[in-house]
Structure formats: structure tokens, C-alpha cells
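Residues per chain are reported as follows:
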Amino acid sequence: MGHKGRRHLLSAVLKTKKTMTKKLTHQKGEISVAIVTLVALTLAIATTLVFSTDGESSNVVAQTTTDASVESVNDVAVTSAGDDSESIDAEVQNSASMESASSVRFAKAQKDSDLCDQPPGILLNLAKRGLVSASLILEECGDDLPPGIVLQLQALAAGQDEEPADETAPIISDIEVTDITESSATVNWTTDEASTSRVYFGTSTPVDKETAASVGDSNLAAAHSKNLTGLTAKTEYFFIVESIDEAGNTATSDEGSFTTEAVEEEDEDEDENGDEDEDGDDEDEADTAAPVISNIETLNITESSAAIAWDTNEASTSRVYFGTVSPVDTETAASVGDSNLVTEHSKNLMNLAAGTKYFFVFESTDEAGNTATSDEGSFTTIEAADTEAPVISNVEVTNITDSSATVTWTTDEDSNSRVDYSLTSPVNEATSFSVTRAFDSTRTHSITLNNLSAETTYFFVASSADDADNVSKSDENSFATLAVEEEEELDETAPVISNVATSDITESSATITWDTDESSNSKVYFSNEANIDVETADSVSSAELVSSHSIDLSELDAETTYFFIVESADEAGNVSMSEEMSFDTLAVEKPADTEGPVISNIGVSNRTSTSVTVGWATDEASTSRVFYSTASPIDTETAASVGDANLVTAHSKNVTGLSPDTTYFFMVESTDESGNTTQSSTHSFRTLEE
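Predicted model only: the values in this text are computed from it and were never measured.

Trainee: Sorry, what's going on with the overall build of the chain here?
Mentor: Along the backbone of the chain there are 8 helices and 30 strands. Every one of the 690 residues in the chain was classed for burial, and the buried ones make up 37%. When contacts within the chain are restricted to residue pairs at least 6 apart in sequence, those whose partners lie at least 24 apart make up 63%. Carbon and sulfur atoms provide 44% of the accessible area of the chain, an area that totals close to 38400 Å².

Dropping the structure here:
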């Protein structure tokens, strides 16, 4: 803990002690025991301060704590007289939380303290522990407590076991800019509950969170401090702060600004004769500025590695935190670094997963211990190279004639088609015949071998290569051509195609049918572009010789026009093709919308004495309406409201004509285009005093 943090905590301890000495003229019996516990907590914190500090600051805190204890004992001498003292003594002696006689005496001095002067969080803790009833706290202090605390106290008063969901954003206060130099500044603020810290800043106003620089972390705290570095001297910067509590409620401040200092020129400590000036200081000022980060690069990205490089304006260490989850948690993320002090930094990240997006932040610490942390960056590793060849299966020979045969097979991935064949075994690619269809990137392969000799045995090997040029070859197979039937007249007439039709069209499939006047095979070429090139178009085929043909096309795009050509070849190899035709796939049917919009991020801003702005978000475009009233629960039939029918996802409504210094209750309502309506739970705000 730094000197400043220790001063703040000590101040809080003394302030609590001072608050507890205020007079309270009622409810003494129930409150006194609670105050005993509160005092014990206060003294425990003070004691922790004494043992957690070091050096001169430790002596100061210890002395202050001792002074406070002495003052408490003196108070006892003044306030312990009277009948109530003995009663309080008995209560204190029975309290397990009191650990010393000085704590007991200090508690007795607080018997008249004001219950409602205690912080809301302590009041809630007292109620949870059963030291003070929740009903009493609500009765005495309810009007001055935050809505989130009131809801939890109401739940405790009603005997509920579970606390209500937190829907209240943190309250931001005490925004302050300190330690302004020519290149840095520190923004400090507090919240009424533990929440994250982030500052968005830039030289343009208003600050745009989407494009502005930012610095922050996801640690939950009530006291926030973020250091802005790498700033330009003598420049006005605008900023907003943002805090998000554990329940995801977000609070954003109004815009603030500050101006960096001008660059200080070096003092001339020596006169023209080289002698030191009377005011000269030959001691160097302490280094309190963090390194300035620049020239960030992501280099040498491979399947399993990448390098992060950056520069700093002074020699400093190097460390990179990285992982697949954003934001990067430096407590748990993997990291690589070293303590060498350099200005040019480069760290290699190894053993990464291929085809994966990684997030990273890096930090550099100078010799004086000042640390600079980068914004979060990201990169994606290269996809793993394809080294697996296609798997060939179902090798068959069909349509064997005295001069031709068709070889078919399938593969487990898209690839081309090739058949090497010869009259001798084994088949040698260098000397054999081959037929290749390199353009035919498909999983169903068919190659017809023509000009063969009748009554001859042929040996062949089928092969396929994928887009990465990985090649698979089948085992060697063979077939024998048929004898020539001299008495049969040679068939040189192609099939006649007729009755081409489409049926069973859906958003992703269709069936093409046609007839031929003789038995022949079936093939459909198809594309979503007109003027089909059968050499490159997708195709589906069947080698079965039939006269009624049916081919199913699948995995089509919805609402798309497809063009197609049918082709049939008879047993003699005579081929006929149809004219180009087309069909349209159907649109995807959307299910009826029966779900109301999901409302989130409800917040109140721009409070004045007579108006506020209520904002919220929905997960779909919907209307906007705010019901508001000084009474709770809200009756939407009678409550005032403001809204409009515009369908948006980011909602903001101004509520005007309000009374100053008054608590209002409100709920928001949104209705989507299908008429589904969602209402939020009840929230509240209080207008400012005039």
C-alpha cells in the first residue's frame, strides 16, 4: 500500500470514529451492540495499518492510532457515568467481537452514536449478522439509502433467504485528476460498490468509447486509480470513467478534462565560468514516469508461434501476457518475458494452437520500477497445413463394352480424378495410358476409358489429389472388355431426352427428372450462374442405365436461382445434353416471434432538479416507454409515462416536469415488431435539490 493509500485508509478510520461520537437519543439498546462490532472492525483496520506500513509512514500511522486510542479512553472518562454505562458494559463483555479493554471503553463512548451516520454497506452487514433488525434500519434510514441496499434490507426484513438480483449500477463520485505531468496523469474516483476500472481518453470531445484510447482492468474495487501515459505535453485531454459491478451493471461518468504540463526546460545550474549557481541542485530528480510504449507489431505468425515487438523511450524489461480469452487476466494468463533493460523489445510466443485467435497485453518496467502496460491486442495463428491425402473407396468398373469401360470411386474430400491403365501389370505411370479430369473437384468420381481393344484384360489404378496436392492411389484392379458382336448393328444414335422437370424444391434441395428413349446413365450439371460451363460446373451423376432419370441436388443456397443441364449417355457411349434450364430455391421460413425483447443496462443520467434521462438496451428493435411515479409499486394504468413507437435497440427517454429533491420510482417497457412486450422491474432515482 502506498503513502497515499495509507493516508486515505487512516482518514477513513478517524472519520468513522468521529461519526460514531454523534449523539443518538433513541434505540440505544439495539444499536449499542452493533456499534461495538463496528468499533472493533475500525480498530482492527487501524491495527492492520500499523503492521502493514514501513519506514517513516509506519511511525506516523502508529502514532495516530495511539492518539486515537488515548482520545477514546479520555472520552470514556467523560461519558461512562450514568445508569446506561453498566448495561453497555454487560453487552460489551458478552460480545465475542471485542478483543481488548480499550475496544470496550471505546464502544461505551459511542453508545449515543447515530445509526444512520454509518455507511450503507456496514448497515447491511449489521442486518445480515442479526445485530440490528433490517426493519429498524429501513424505518430510520431507508430514505437516505441506495436503492440496491434498500432492496436487500427489504428481503432480509421479509425473511427471504436469497438476496434480490443486483440491477443497480455503481454510483461514481469524487472524480479527481492528479499527478499531471507533460506526458502522464492519474485519474482517481470512487464507487459505492466493488466494480471494475476503465478510463477512455483523447483530445477530441465528446469522447467516443469505440475509438478513444483506454486503460483499465477487471479487478473489483471501490477506490479506483488509473495512470494515463504516453500523453502529449501542453495538450487538453478529455476523459470519461466507467465502472462495472459484479452483476454486470455499468456506470459511466460525465466527461471531464485536464491539460498536461509543458515540457520543463533544464535549469542552468552553472554560470558562464562553469561554477555551480547558488540555487543549483547536483542531485537527479527521482524517476516517476513510466516508459512510453510505441511501434507495436505482431510478426512471424505461423501455425504455432508469433512474435510481439515494441519500443520504449527508455531501457526497461519485457513481458507479454497472452491467451484465448479476452480480456487478458495477467494473474492467470500464460506469459513470456525477461528482466533485461532494453528499448527494443521482442518476445516469441510458442506452442500455440493453429487457426486460433489469441489476445495479448505486454508491459515494460524501467530501472526505477515504473511500469507501462499496453492496450489489449490480438492475432490469429495460421491454419494447420493439409497433409492428409484423400481416402479412396468403392472402386468399381461399369458400362464395360468391347471398346470402353467406366471406372468410378469415391473420396472423403473434394479432389480431382485420374485413371492410369495398361495391358501389363504392375501399372507404370510413366508408360501407361491415363485419363485425368483435374477440373473435376468432387467426392464422386467417374472416368470413362474409350478406344479399348475387344476381349482384352486391362489393369488400372485410380488416383485423386486434393487442393493441397496430397495424392491417394487405389490398389491395382483389372477388367476385361467384351467381344465384338458382329451380328449386332453398331449403335451410333444418342438417347433422346424429354420431359425435363424439377420437383420437391425446398430452400436447400431440388429433384431433376427426365426421360430418354433408351437406357442410359444420368448426370446433372448445375450452377448459380447462367451459361453453364460443363467443364467447371458442379455435377451429380448416376451410372445406372435407365430410361426414367431422377437426380437429387442438395446443399443449395436458399432464395437462389440455379441453372442446370441434364446429360445421358447410352450403353454405346452416345451422349445427349438438354438445353439450359433453371429453378429457384425457396426462402427459409422463419419461426413466429413469440419472445419479448430482453431489456438490459438500465441507467439514469443527466439528473437535474426537474428532469432525468433514462436509458436502456434491448436485444431486438422495439419501442420505448418509461412509466414513473412517486409511489411504488408502479400502476401503469395511472402512472405518468413518456415514450415513442420507433423500433430501436438503444433507448433513451427524457423525463421532465419533476419535483426537486424527490424520490421517483420507474420501470421501462419495450414492444417488438411482433407485439411482444417486456417490462423491467422497478427502479428509482432522486432529483437534485434546486
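Trainee: What's the story with unusual backbone geometry in this structure? I'm lost.
Mentor: As a rule of thumb, non-glycine residues mostly have phi less than zero, and peptide bonds are mostly trans rather than cis. With an omega of 0°, the peptide bond between T205 and P206 qualifies as cis. Of note, the amide linkage connecting S326 to P327 takes the cis form, showing an omega dihedral of 0°. Residue placement: P327 occurs in the loop between β8 (306–323) and β9 (334–349). Phi is positive for N300, which is not a glycine, with a value near 50°. Tracing the sequence through the fold places N300 in the loop between β7 (293–299) and β8. For E455, which is not glycine, the phi dihedral falls at a positive 50°.

Trainee: How do you make sense of the pattern of salt bridges when you look at a structure like this?
Mentor: Side chains carrying opposite charge are able to pair once their charged atoms draw close together. In total, this model carries 7 salt bridges according to the counting rule given. Close ionic contact of D644 with K653 constitutes a salt bridge, the shortest N to O distance being 2.6 Å. Residue classification places D644 among the partly exposed positions, given a relative accessible area of 27%.

Trainee: Hey, could you run me through the packing of helix α6 (residues 120–128) against helix α8 (residues 147–157) in this one?
Mentor: Packed helix pairs are characterised by how far apart their axes lie and by the angle those axes make with each other. At a closest axis distance of 10 Å, the pairing of α6 and α8 adopts a crossing angle of 10°. Between α6 and α8, the crossing angle belongs to the class labelled roughly parallel. Contacts from P120, L124, A127 and K128 in α6 reach I149, Q152, L153 and L156 in α8. Of the residues assigned to the contact of α6 with α8, the class counts are 6 nonpolar, 1 polar and 1 charged.

Trainee: Explanation requested: the packing of aromatic side chains in the structure shown.
Mentor: Two measures describe an aromatic ring pair: the distance that separates the ring centres and the angle between the ring planes. Overall, the coordinates contain 13 aromatic pairs when judged by the stated rule. With a centroid separation of 5.7 Å and an interplanar angle of 15°, the aromatic rings of Y664 and F685 are classed as stacked. One end of the pair, Y664, is in strand β28 (residues 663–671); the other, F685, is in strand β30 (residues 683–686), with 21 residues separating them in the sequence. Given the relative accessible area of 8%, Y664 is considered buried. Between the aromatic rings of F666 and F685, the centroid separation amounts to 5.6 Å while the plane-to-plane angle is 45°, which identifies the pairing as tilted. With a gap of 19 residues between them, F666 in strand β28 and F685 in strand β30 connect regions that are remote in the sequence. You can call F666 buried: its relative accessible area is 2%. Pairwise contacts between aromatic rings join W310, Y358, F360, F362 and F379 into one cluster.

Trainee: How should the state of the cysteines be read in this particular structure?
Mentor: A covalent bond bridging the sulfur atoms of two cysteines is what the word disulfide describes. Tallied over the entire structure, the rule returns 1 disulfide. Here C116 engages in a disulfide with C141; their sulfurs sit 1.9 Å apart. Between C116 and C141 the disulfide shows an S-S torsion of about -85°. By sign, it is left-handed. Here C116 is found in the loop between α5 (101–108) and α6, whereas its partner C141 is found in helix α7 (residues 134–141), with 25 residues between them in sequence.

Trainee: Sorry, what's going on with the confidence of the model for the chain here?
Mentor: A low pLDDT score tells you not to read the predicted coordinates there in detail. When pLDDT is averaged across the chain, the result is 81; 79% of the residues are at 70 or more. Within the model, pLDDT remains below 50 along residues 1–113, and this stretch shows 116 contacts once partners closer than five positions in the same chain are excluded. Segment residues 267–283: pLDDT under 50, and 12 contacts once partners within four positions in sequence are set aside and those in other chains are kept.

Trainee: Hey, could you run me through α8 in this one?
Mentor: Every α-helical turn comprises 3.6 residues, leaving residues that sit three or four positions apart pointing alike. For α8, the set of buried residues is G148, I149, V150, Q152, L153 and A155. Phi turns positive one or two residues past the end of α8, at G159, with a value near 80°.

Trainee: What am I meant to see in the environment of V342 here?
Mentor: For V342, the position within the fold is in strand β9. Residue classification places V342 among the partly exposed residues on the basis of a relative accessible area of 30%. Residues within four places of V342 in sequence aside, it is in contact with T312, E314, A315, S316 and S318.

Trainee: Where do I start with the packing of α7 against α8 in this structure?
Mentor: In contact at an axis separation of 8 Å, α7 and α8 are set at 140° when each is read in the N-to-C sense. In terms of their interaxial angle, α7 and α8 are classed as oblique. Classified by chirality, the crossing of α8 by α7 is left-handed. Across from A134, S135, I137 and L138 in α7, the residues of α8 making contact are V150, L153, Q154, L156 and A157. For the contact of α7 with α8, the residue count by class is 7 nonpolar, 2 polar and no charged.

Trainee: How should the pairing of strand β22 (residues 561–569) be read in this particular structure?
Mentor: Within a regular beta strand, the side chains point alternately toward one face of the sheet and then the other, so they alternate between its two faces. Within β22, 8 of the 9 residues are buried, which leaves the element mostly enclosed by the surrounding structure. Pairing of strand β20 (residues 510–527) with β22, which is carried by 5 bridges, proceeds in the antiparallel orientation. Bridging across to β22, Y525 finds its partner in I565. Note: β22 against strand β24 (residues 581–584), 4 bridges, orientation antiparallel. By the bridge assignment, F564 is partnered in β24 with M581. Relative to strand β23 (residues 575–577), β22 is paired through 3 bridges, and the arrangement is antiparallel. Along β23, the bridge assignment pairs S568 with S576. If you look at the hairpin formed by β22 and β23, you'll find 5 residues sitting between the two strands, and G573 has a positive phi there, around 85°.

Trainee: Please clarify how the side chain of T365 should be interpreted in this entry.
Mentor: Of note, T365 is situated in strand β10 (residues 357–365). At 2.8 Å, the side chain of T365 and the side chain of T371 are in polar contact. Among all residues touching T365, those that are not within four sequence positions of it are S316, T317, L341, N370 and T371.

Trainee: I tried to follow a negative patch on the surface on my own but got confused; where do I start?
Mentor: On the surface, E182, E261, E264 and E285 cluster together to form a negatively charged patch. If you trace the backbone, E285 turns up in the loop between β6 (256–259) and β7.

Calculation notes
Residues numbered from 1 in each chain as written. Predicted model: local features only at pLDDT ≥ 70, side-chain atom pairs only at ≥ 80, totals over all residues. Heavy atoms only, no water. Helix = DSSP H or I, 4+ residues; strand = E, 2+ residues; numbered from the N terminus. Buried < 20%, exposed > 50% of the residue type's maximum accessible area, 1.4 Å probe, protein only. Contact = heavy atoms within 4.5 Å. Areas by Shrake-Rupley, 256 points an atom, 1.4 Å probe, with all protein chains shown as cover. Salt bridge = Lys/Arg side-chain N within 4 Å of Asp/Glu carboxyl O. Axes fitted to C-alpha atoms, helices over the stretch in contact; angles between N-to-C directions. Parallel < 35°, antiparallel > 145°, perpendicular 65-115°, else oblique. Nonpolar A, V, L, I, M, F, W, Y, C, P; charged D, E, K, R; others polar. Phe/Tyr/Trp six-rings, centres within 6.5 Å; stacked < 30°, edge-to-face > 60°. Disulfide = S-S within 2.5 Å. pLDDT = per-residue confidence, 0-100. Left-handed = near helix turned anticlockwise from the far one by under 90°. Pairing = 2+ DSSP bridges. Polar contact = N/O pair within 3.5 Å; in protein donor to acceptor, adjacent residues only side chain to side chain. Patch = residues over 30% accessible without salt bridge, like charges linked within 9 Å, V, L, I, M, F, W, Y side chains within 5 Å. Lys, Arg positive; Asp, Glu negative; His and termini not counted. Charge placed at Lys NZ, Arg CZ, Asp CG, Glu CD.

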